[in-house]
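What follows is each chain in one-letter form.
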Amino acid sequence: MALVAGVDSSTQSCKVVVRDARTGRLVRSGRAPHPEGTEVDPEAWWQALETAVREAGGLDDVAAVAVAGQQHGMVALDESGCVVRPALLWNDTRSAGAAADLIDELAGSGGGPDAGQQAWVEAVGSVPVASFTITKLRWLAEHEPDRAKRVEAVCLPHDYLTWRLGGGRGVDGLVTDRSDASGTGYWSPRTESYREDLLERALGRSARLPSVLGPHDPAGALGSGALLGPGSGDNAGAALGLSAGPGDVVVSIGTSGVVTAVSAVAPADASGTVAGFADATGRFLPLVCTLNAARVLDATATLLGVDHAELSRLALSADPGADGLVLVPYLEGERTPNLPDASGALHGLTLRNSTPAHLARAAVEGLLCGLADGLEALTAQGAEPRRVLLVGGGAASEAVRRIAPTVLGVPVHVPAPGEYVADGAARQAAWVLGGTDVPPSWDVTGVAVHDAPVLPAVRERYAEVRRLVAEARSR
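Residues numbered from 1 in each chain as written. Predicted model: local features only at pLDDT ≥ 70, side-chain atom pairs only at ≥ 80, totals over all residues. Heavy atoms only, no water.

Caption draft 1: Seen up close, the overall build of the protein chain. For the protein chain, the count of helices and strands is 15 helices and 23 strands. For 475 residues, the compact-globule estimate of 2.2 N^0.38 gives 23 Å, and the protein chain sits close to it at 22 Å. Taking the principal axes of the C-alpha coordinates as reference, the protein chain spans close to 65 × 60 × 40 Å. The burial tally for the protein chain puts 57% of its 475 residues in the buried class. A separation of at least 24 residues holds for 72% of the contacts in the protein chain among residues at least 6 apart in sequence. Counting every atom, the protein chain has about 18,200 Å² of accessible surface; 50% of that belongs to carbon and sulfur. Computed over 39 positive and 56 negative side-chain charges, the inter-centroid distance for the protein chain is 2 Å. (Helix = DSSP H or I, 4+ residues; strand = E, 2+ residues; numbered from the N terminus. Rg over C-alpha atoms; globule rule 2.2 N^0.38 Å. Buried < 20%, exposed > 50% of the residue type's maximum accessible area, 1.4 Å probe, protein only. Contact = heavy atoms within 4.5 Å. Areas by Shrake-Rupley, 256 points an atom, 1.4 Å probe, with all protein chains shown as cover. Lys, Arg positive; Asp, Glu negative; His and termini not counted. Charge placed at Lys NZ, Arg CZ, Asp CG, Glu CD.)

Caption draft 2: How the structure looks around the pattern of salt bridges. In the structure shown here, the tally under the stated rule is 29 salt bridges. Between Glu144 and Arg147 there is a salt bridge, and its shortest N-O distance comes to 3.1 Å. Exposure remark for Glu144: the relative accessible area of 16% places this residue in the buried category. Note on Arg147: relative accessible area 32%, which makes it partly exposed. When the shortest N-O distance is used, the salt bridge between Asp373 and Arg466 registers 2.3 Å. Highlighted residues: Asp373 in helix H12 (residues 356-380) and Arg466 in helix H15 (residues 456-474), separated in sequence by 93 residues. Judged by relative accessible area, Asp373 falls into the partly exposed class, the value being 21%. Residue classification places Arg466 among the partly exposed positions, given a relative accessible area of 23%. Within the structure, one salt-bridge network assembled from shared partners comprises Glu39, Arg85, Asp92, Arg94, Glu144 and Arg147. (Salt bridge = Lys/Arg side-chain N within 4 Å of Asp/Glu carboxyl O.)

Caption draft 3: Layout of helix H11 (residues 308-317). Along H11, the positions that sit buried rather than exposed are Leu311, Ser312, Leu314 and Ala315. Projected down its long axis, H11 shows its buried positions confined to an angular sector of 165°, all on one face. Those residues of H11 that are buried are in contact with helix H10 (294-304), H12 and helix H13 (398-408). (Arc of directions from axis to C-beta.)

Caption draft 4: Broad picture of the environment of Asp197. Within the element layout of this structure, Asp197 appears in helix H8 (residues 196-203). At 2.8 Å, the side chain of Asp197 forms a polar contact with the side chain of Arg195. (Polar contact = N/O pair within 3.5 Å; in protein donor to acceptor, adjacent residues only side chain to side chain.)

Caption draft 5: Structural detail: the pairing of strand E3 (residues 26-33). As judged from the 7 bridges shared by strand E2 (residues 13-20) and E3, these two strands associate in the antiparallel manner. Bridging across to E3, Lys15 finds its partner in Arg31. Linking E2 back to E3 in an antiparallel pair, the connection comprises 5 residues, with Gly24 at a positive phi of about 85°. (Pairing = 2+ DSSP bridges.)

Caption draft 6: Just helix H3 (residues 115-124), in detail. All buried positions along H3 are accounted for by Gly116, Ala119, Trp120, Val121, Ala123 and Val124. Among the structural elements, helix H2 (96-107), helix H4 (133-143), strand E10 (187-188), H8 and strand E17 (275-278) are those in contact with the buried residues of H3. With its phi angle positive at about 85°, Gly125 sits one or two positions after the end of H3.

Caption draft 7: Looking closely at the environment of Arg313. Structurally, Arg313 can be placed in helix H11. A polar contact is formed between the side chain of Arg313 and the side chain of Glu310, at a distance of 2.8 Å.

Caption draft 8: Spotlight on unusual backbone geometry. Phi angles above zero are rare outside glycine, and Glu192 is one such case at about 50°. Looking at the secondary structure, you find Glu192 in the loop between E10 and strand E11 (193-194). Assessed through its relative accessible area of 44%, Glu192 is described here as partly exposed. Its identity is not glycine, yet Ser243 carries a phi of approximately 55°, on the positive side. Structurally, the position occupied by Ser243 is in the loop between helix H9 (234-241) and strand E15 (248-253).

Pasting the structure below:
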C-alpha cells in the first residue's frame, strides 16, 4: 500500500494527513499551531510543519508529499535564501493604499474611473486588493526601502515550505503552481506567464520568481526519495480535496470567508469582486473572499458570554430576519466589498429585538449574506450553482448549516468535518505519484444535505443596511 502526505499550512495552524494513495483512506494525521498576527517569520511555519509531521508519525514511509498553503503572503528572500523580513500575510491590510496606487497607475492618463481596474483584469485576471502579494511588495519598497534592496527572490508560503522540504539551497530551485501564482498580481492564468513588468512596477526592480509547474508535475524530492508535488493555494487545495466539479460552489467559513467554483472559463470581473484565479487541475477557480467569517461567530459568542453551541441554539430560536436587526459584520475591515478600514454596524435595534437570540440570529444571517453576495457575483461571471459544499470551522454550527440554504438559495451539502485542504494536497501527491492524466478518484463521505425555502427578505434587508454603511463611509 503506497502512502502519500498532504500538508495544509493555513493562517492559524499546520495540518498533515497521511492517506492511502489509491483509496484516500486516512491512515494518520498531526497538527501544530502557528503564531497569531498578520506578519509571521516563515521559520515558524517550518517549525510547525516539523511538529505536525512528527505528530503524524513522520514521512519516512510516504511515497509523495504536497503542500497547500494560505494564499498571497509575501515571502521575500535574499541572495542566500535567508528571509529578509517577516512575511506579510493575506489578512494584513497595511498595503491597501498601495493597491489603490497600483490601480491608478495602470489606468494611465485620460482613462475613466474604472480604467485601472479593467487594465488589471486584462493583465492578470484580477484587480489588486491589499491581500495580493504585489501590493505588499509596493508597500515594502515604499516603507522599508533598505529591506527591499536586499530582496533577490519572492515566493509564497506554500512555495517556501516546498523549497524547504526539497533541501532549500539557494533561490534557483523555487517552484510554485498555477493556483497560487494566480493570486500574486503578477502572473496571468490566461496566458500562463509572469508579468514581470508589473512586479517591477511594484518593487521598483526585478526579482527572481518561482517556476510555475503543471498540476501534477514533480517539484523535486525529499531526502528519503519521496516525490514532491507542486502544491497549491489553500482554496484550490480544498476544491481538489472535495472533488468539486461543474455546478459545485465551495463555501468555506474559516478565518476568511471564501466562495469559489471550478470553471473551464477564466472570469474577467473589472469590478474586482471576483478574482480570476486558477485551480489545481488546469482549470480556473473564480473566487470571492471576505475577511470576516468564523470570527464573526467567535466575537458574537464572546459578546453574549456563551459558547458556540449556545450561540447556535439562540440563533435558531429567533425568527428569520431577527425582527429587523441586521449585523453588517465588517469586524476586521473588509475585502469584499473593498473597505479595509471599515468597522461593523448593528442596525434596526428596538426594544423587541434587544435580546441575545436576535443578536445571535443577526450575526449568522449577516455572515451568510456576505457570502451570498459572493455567490451572486460568481453567478454573474457564468457560474451555474446546483449545490453549495459548505466547509470550514463555521460549518460546525447547526445554525449556520440550517440557515444557509434560506440565504444562499441552493441546497447546502455539508461533508463530514475534515481537513479538506490537506486532503487536496494529499490527492495531488497521489496524482504526481501515479503519473496519470487525471487525479485519483477519492470519495467524500458523510455528506449531510440541508435544504429550505429561500427567504429573500433577509438579503434585501441586509442589502439596505450595507448600502447605509457604505454611504456613511463615503461622506
